Amino acid sequence: MTYARAPLAKPFVEQVSFTDGRLLRIGYRADGVDSILASVELPVEALEQGIAGGLELVTTISASGEIVSQIYGSSGSVLEGARSIVSIDRLVSQTVDRDSLRLEELPASELSGLLRSLEASIEHVRAALAQRAELSISGSPFNH
């Protein structure tokens, strides 16, 4: 007696074009053939909100001045490929770019607030450098 081997199911996601909105069809296809074993069509927004609900965006600044943003999944692990790195000076430059300022009509009070925040950040870095210098001096074998 011979038994027919059941086809392996492969998951798929495809965009469905309808005039009433963006929909995704999600389901399983039989491996090697185009026949759909099971599927459901859902609005893109519902999927995005459902997925985003279990994600966390974590942004840090490295000691070298790079701002690193990563997305963590619901398991707490970093999602591969979901990472952005940009230097802090580039972000500030883009923020105060003449064209950006004209388009956004940014009030001077907001720019002053940005300046105060950046100056406070500089003071934190100076304090960290001073602490490091003190530790280097106090830890020196010549001071004992």
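Each value, and the rule that gives it
Residues numbered from 1 in each chain as written. Predicted model: local features only at pLDDT ≥ 70, side-chain atom pairs only at ≥ 80, totals over all residues. Heavy atoms only, no water. Helix = DSSP H or I, 4+ residues; strand = E, 2+ residues; numbered from the N terminus. Buried < 20%, exposed > 50% of the residue type's maximum accessible area, 1.4 Å probe, protein only. Contact = heavy atoms within 4.5 Å. Areas by Shrake-Rupley, 256 points an atom, 1.4 Å probe, with all protein chains shown as cover. Salt bridge = Lys/Arg side-chain N within 4 Å of Asp/Glu carboxyl O. Pairing = 2+ DSSP bridges. Axes fitted to C-alpha atoms, helices over the stretch in contact; angles between N-to-C directions. Phe/Tyr/Trp six-rings, centres within 6.5 Å; stacked < 30°, edge-to-face > 60°. Lys NZ or Arg CZ within 6 Å of the ring centre and 35° of its normal. Polar contact = N/O pair within 3.5 Å; in protein donor to acceptor, adjacent residues only side chain to side chain. 1 Å grid on protein atoms, 1.4 Å probe; cavity = no way out; pocket = protein on both sides within 12 Å on 5 of 7 lines; lining within 4 Å. Points joined across faces, edges and corners; volume = space filled by probe spheres on them. Nonpolar A, V, L, I, M, F, W, Y, C, P; charged D, E, K, R; others polar.

> Explain the overall build of the protein here, please?
Along its length, the protein carries 4 helices and 6 strands. Each helix and strand of the protein, ordered N terminal to C terminal, gives the series β-β-β-α-β-β-β-α-α-α. In the protein, which comprises 144 residues, the share counted as buried stands at 12%. Sequence-distant contacts, at least 24 apart, represent 8% of the contacts inside the protein between residues at least 6 apart. Element-wise, carbon and sulfur atoms account for 57% of the exposed surface of the protein, whose accessible area totals about 11700 Å².

> Got a minute to help me understand the pattern of salt bridges in this structure?
Side chains that differ in charge, positive against negative, can pair when their charged atoms come close. Considering all chains together, one arrives at 5 salt bridges under this definition. A salt bridge links Glu45 to Arg22, with the shortest nitrogen-to-oxygen separation between them at 3.5 Å. With Glu45 in helix H1 (residues 44-52) and Arg22 in strand S2 (residues 21-30), the pair connects residues that are 23 residues apart, well separated along the chain. Between Glu41 and Arg25 there is a salt bridge, with the nearest N and O atoms lying 2.7 Å from each other. A residue pair is termed long-range when its members are at least 10 positions apart, and Glu41 in strand S3 (residues 36-43) and Arg25 in strand S2 qualify at 16 residues. Residue classification places Glu41 among the partly exposed positions, given a relative accessible area of 36%. Ionic contacts of the salt-bridge type, sharing partners, join the residues Glu14, Arg25, Arg29 and Glu41 into one network.

> When you look at the sheet that holds strand S4 (residues 56-61) in this model, what are you seeing that I'm missing?
Paired through backbone hydrogen bonds, the strands of a sheet run either parallel or antiparallel to each other. Read from one edge to the other, the open sheet built from 3 strands follows the order S4-S5-S6, with strand pairing classed as antiparallel. Sheet topology places S4 and strand S6 (78-87) at the edges, where each strand pairs with a single neighbour. In this sheet, neighbouring strand axes are inclined to one another by 20° on average, regardless of whether the strands run parallel or antiparallel. One ladder, built from 6 bridges, connects S4 with strand S5 (residues 66-72); its direction is antiparallel.

> Quick question: what am I supposed to make of the packing of aromatic side chains here?
Each aromatic ring pair is described using two quantities: the centre-to-centre distance and the angle formed by the ring planes. Taken as a whole, this structure holds 0 aromatic pairs when the rule is applied. In this structure, Arg29 packs its charged tip against the face of Phe12, placed 4.1 Å from the ring centre.

> Is there a simple way to think about the side chain of Gln70 in this case?
As for its position among the elements, Gln70 is in strand S5. For Gln70, a relative accessible area of 17% translates into the label buried. Only 3.5 Å separates the side chain of Gln70 from the side chain of Tyr72, close enough to count as a polar contact. With residues near it in sequence (within four places) discarded, Gln70 still touches Glu56, Leu57, Val58, Val78, Ala82 and Arg83.

> Explain the layout of surface pockets to me, please; I cannot follow it from the model alone.
To locate leftover empty space, one rolls a probe as large as a water molecule over the atoms. Put simply, the largest pocket is a space of about 340 Å³. Along the walls of the largest pocket sit Ile61, Ser62, Ala63, Ser64, Gly65, Ile88, Val92, Leu118, Ser121, Ile122 and Val125, which together make up its complete lining. No other element matches helix H4 (residues 108-138), which puts 4 residues into the lining of the largest pocket. When its residues are assigned to classes, the lining of the largest pocket shows 7 nonpolar, 4 polar and no charged.

> I'm lost on the environment of Val13 in this one. Help?
With respect to the helices and strands, Val13 occurs in strand S1 (residues 9-18). In the structure, Val13 is positioned 15 residues away from Tyr28 in sequence and 8.7 Å away in space, judged by C-alpha atoms. If we skip the residues at most four places from it in the chain, Val13 touches Leu24, Arg25 and Ile26.

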